[in-house]
Amino acid sequence: MPDRFVRLVLAAVLVLLTLFVAQPYVTAFLFSREVPRAITARGDLAPAEATTVALFERASPSVVHVFAQGAARGADLMSLDDESEQGQAGGQGGGQGGSGNTQTGTGFVWDAGGHVVTNNHVVQAAIQSGGPISVRLSSGEVVTATVVGAAPAYDLAVLRLGRVAKAPPPLAVGTSADLKVGQSTFAIGNPFGLDHTLTTGVISALQRRLPTSEGRELSGVIQTDAAINPGNSGGPLLDSAGRLIGVNTAIFSPSGASAGIGFAVPVDVVNRVVPDLIRNGRVRNPGVGIIAGQEATAARLGIDGVVVLRVLRGSPAASTGLRGVDPQTGTVGDVIVGVGDRPVHRLADLTAAIEAAGLGQPIDLAVERDGRVRRVRITTADVAENRP
């Protein structure tokens, strides 16, 4: 009796083991589907998804890919597919270096006249060397473009498209005056050469200051956590209505890749600068006609304010008697310490106040000379764009 029971138990264990081993093969034989699976109905997109999809479909045809060569060479054609992204020094995003002399970035259609807005640093090498600039439209068509004007102090440039089969529509323009931290943002561009890439985020901060290539600081800059990488430069930053609220211009990242801190030139600045570039090829920038001393040097000397290094001949500053540094003795002349009722600690404070006043408007400067402060009323005039 015990032997029979043991044999039954062993037989049961053997059967169970056999079933365990065979189970995957039996399941695969019975349930495998060797024809395409039936598609499960998805249903409607979520409202937020539908809004984002519609925004991209509406705005992306206006976004273009900009290629600017510092010096055209036939050999460059062999390496365009091997381009690697590199950010501009100081965290500026957007230049894409192919064979070492090709910069690429993003731009967008500004008006029905075929004008395209991009960053100055995207096309700067081509401007300096006279190299060719081409633009690839969302349709895939590649057309040549010429530079209408550039404003390095704002990192903006305007191009004019050559003959196109069908002109892309211009983007809708919003305002940056009423933006709020936390608003949704949408960036469309060509990061790392990947055409028409959409990234999303929020406005992380407002009124940031951003150094430009002209030794100035641009005030009122928008900070966003929407991913902005090299190649996005010159592309649009949009609000949830699909309106332009800024031009993506820089990232803050030691590695040159997005770290969730991107910067955009506010659209109110763009809307002021671009018409001037189209009309005059340069910015009619309000200023008083001084060349400011280095802030680091002023700080080492214990000076709080903007040191007047030199006064431009025939400028408003010259007519009101402002005095620069004595070239013979190196003695400091005037230091601008205030505008109106606001203190001036650095050049950005002064330029922001002058730009807020506008061209041809009077402003009151607090000027310190020989330890005494006096008030000077001065009228802004059109001066070189990198001089306040």
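Look above for the structure.
Residues numbered from 1 in each chain as written. Predicted model: local features only at pLDDT ≥ 70, side-chain atom pairs only at ≥ 80, totals over all residues. Heavy atoms only, no water.

Chemist: Which residues make up the pattern of salt bridges, and what are the values?
Modeler: What the rule picks out here adds up to seven salt bridges. Between Arg-279 and Asp-276 there is a salt bridge whose closest N-O contact spans 2.6 Å. With a gap of three residues between them, Arg-279 and Asp-276 both fall in helix 4 (residues 267–280), about one helical turn apart. For Arg-374, the salt bridge identified is with Asp-334, shortest N-O distance 3.9 Å. In this pair, Arg-374 sits in strand 21 (residues 372–379) while Asp-334 sits in the loop between helix 6 (316–319) and strand 18 (335–339), placing the two residues 40 residues apart along the sequence. Overall, Arg-374 belongs to the partly exposed group, its relative accessible area being 31%. For Asp-334, a relative accessible area of 0% translates into the label buried. Salt bridges here are not isolated pairs; linked through shared partners, they connect Asp-334, Arg-369 and Arg-374. (Salt bridge = Lys/Arg side-chain N within 4 Å of Asp/Glu carboxyl O. Helix = DSSP H or I, 4+ residues; strand = E, 2+ residues; numbered from the N terminus. Buried < 20%, exposed > 50% of the residue type's maximum accessible area, 1.4 Å probe, protein only.)

Chemist: Summarise the nonpolar core; cite the residues concerned and give the values.
Modeler: Counting residues in hydrophobic clusters, the biggest one holds 31 residues, and the most contacted among them are Tyr-154, Leu-156 and Val-273. Put simply, the parts of the chain that give this core at least two residues each are helix 2 (47–59), strand 7 (142–151), strand 8 (156–161), strand 9 (184–189), strand 11 (217–224), strand 13 (244–251), strand 14 (262–266) and helix 4. Apart from residues lying up to four places away in sequence, Val-273 is in contact with Ala-151, Tyr-154, Leu-156 and Val-283. Among the nonpolar cores identified, the runner-up in size contains 20 residues, and Val-306, Val-308, Ala-317 and Val-344 belong to it. (Core = buried A, V, L, I, M, F, W, Y, C linked by side-chain atoms within 4.5 Å. Contact = heavy atoms within 4.5 Å.)

Chemist: Give a description of the sheet that holds strand 5 (residues 115–118) that names residues and reports values.
Modeler: Read once around its circumference, the closed barrel built from six strands follows the order 1-4-5-8-7-6, with strand pairing classed as antiparallel. The average angle at which neighbouring strand axes cross in this sheet is 40 degrees, direction not considered. With six bridges joining them, strand 7 and strand 8 adopt antiparallel strand pairing. Looking across to strand 8, one finds that Ala-145 is bridged to Leu-161. (Pairing = 2+ DSSP bridges. Axes fitted to C-alpha atoms, helices over the stretch in contact; angles between N-to-C directions.)

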